[in-house]
Structures are given as structure tokens and as C-alpha cells.
Amino acid sequence: GQTLVKRYGRAVKNERARLGDVDTFQYVGVIRSTSRPFCVLHAGKTYDLETILGLSNGNLEPVLENCGGWNCVHDWEPDPTATEPDELPEPPSAQ
């Protein structure tokens, strides 16, 4: 259903970015009380494609097409204006 449709839309967007030589993406979307830890950790951050391809959401991968996993409302928006990608944040420690 929804996950498959979003995944297809993301794949099309990613291909357009590739054709335009854009290799930086910002993780966008509203953080809610139900947002996954992956989404909270990366919201608002901009990474290069190589970094994104190395990420794991622990749910449904690849994260470039599936973001935080099933029914995720977030997106990787191509960002051709990014001059320097963000550094990966440290995941919160388990307490």
C-alpha cells in the first residue's frame, strides 16, 4: 500500500537527483510522538549519498528509498545547494 507508493516516488526523485548530479539530501518531515528513533536522529540533517547508503534504520532498507521504514512519513529531499554535509550524530545511548 502506502509504503510501496512512497518508495516508488522516492526512487523517481532519487533518479532525477542522480541525473542532475545532486548527491546531497536533507532528511525532512515533521517529528511526532510516534516517530522512530532513526527519524528523530536524522531529521533536518543533510548528508551525502555515500553516507545515506551506509545508514541502517533497523526496519526496512535501503533507507534512501524507505527512510525510517514501513509507513514512514519522512523523505530525503535532494539538496543541490548544500556546500558541506552534516556529520552523523551519535545515536542515543541505551539506559
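We now turn to the structure provided with this report. (Residues numbered from 1 in each chain as written. Predicted model: local features only at pLDDT ≥ 70, side-chain atom pairs only at ≥ 80, totals over all residues. Heavy atoms only, no water.)

Here we take up the packing of aromatic side chains. In this structure the tally under the stated criterion is 3 aromatic pairs. An angle of 90° between the planes, with centres 5.8 Å apart, marks the rings of Tyr27 and Phe38 as edge-to-face. Of this pair, Tyr27 sits in strand S1 (residues 24–28) while Phe38 sits in helix H2 (residues 37–42), and the two are 11 residues apart along the sequence. Judged on exposure class, the residue Tyr27 and its partner Phe38 are both buried. Ring centres of Tyr27 and Trp76 lie 4.6 Å apart, and the angle between their planes is 55°; this geometry places the pair in the tilted category. Pair noted here: Tyr27 is in strand S1 and Trp76 is in strand S3 (residues 75–78), with a separation of 49 residues, a long-range link. The class of Tyr27 is buried, set by a relative accessible area of 1%. Look at Trp76 and you get buried, because its relative accessible area is 1%. Taken together through their ring pairs, the aromatic side chains of Tyr27, Phe38, Tyr47 and Trp76 make up a single cluster. (Phe/Tyr/Trp six-rings, centres within 6.5 Å; stacked < 30°, edge-to-face > 60°. Helix = DSSP H or I, 4+ residues; strand = E, 2+ residues; numbered from the N terminus. Buried < 20%, exposed > 50% of the residue type's maximum accessible area, 1.4 Å probe, protein only.)

Let's shift gears to helix H1 (residues 2–19). Under the 1.5 Å per step criterion, the end-to-end length of H1 is 26 Å for 18 residues, consistent within 8% with the ideal 26 Å. Thr3, Arg10, Asn14 and Ala17 are the residues of H1 that are buried. Seen along its axis, H1 keeps its buried residues to an arc of 55°; they face one direction. Facing away from the buried side of H1 by more than 90 degrees, the exposed set consists of Leu4, Val5, Tyr8, Arg16 and Leu19. In the core, the buried residues of H1 are packed alongside S1, helix H4 (63–66) and S3. Taken from the residues just after H1, Asp21 is the one with a positive phi, measuring 60°. (Expected span 1.5 Å × (residues − 1). Arc of directions from axis to C-beta. Contact = heavy atoms within 4.5 Å.)

Moving on to the sheet that holds S3. The 3 strands lie next to each other as S2-S1-S3, forming an open sheet whose pairing is antiparallel. The strands lining the two open edges of the sheet, one partner per strand, are strand S2 (46–48) and S3. Within the sheet, the average angular offset between the axes of one strand and its neighbour, ignoring direction, is 35°. Its contacts with the sheet put H1 on S1 and S3, and the angle it makes with S3 is roughly 20°. (Pairing = 2+ DSSP bridges. Axes fitted to C-alpha atoms, helices over the stretch in contact; angles between N-to-C directions.)

The next thing to look at is the side chain of Asp75. For Asp75, the location among the structural elements is in strand S3. Excluding residues that lie within four positions of it along the chain, Asp75 makes contacts with Lys6, Arg10, Lys13, Gln26, Tyr27, Val28 and Cys67.

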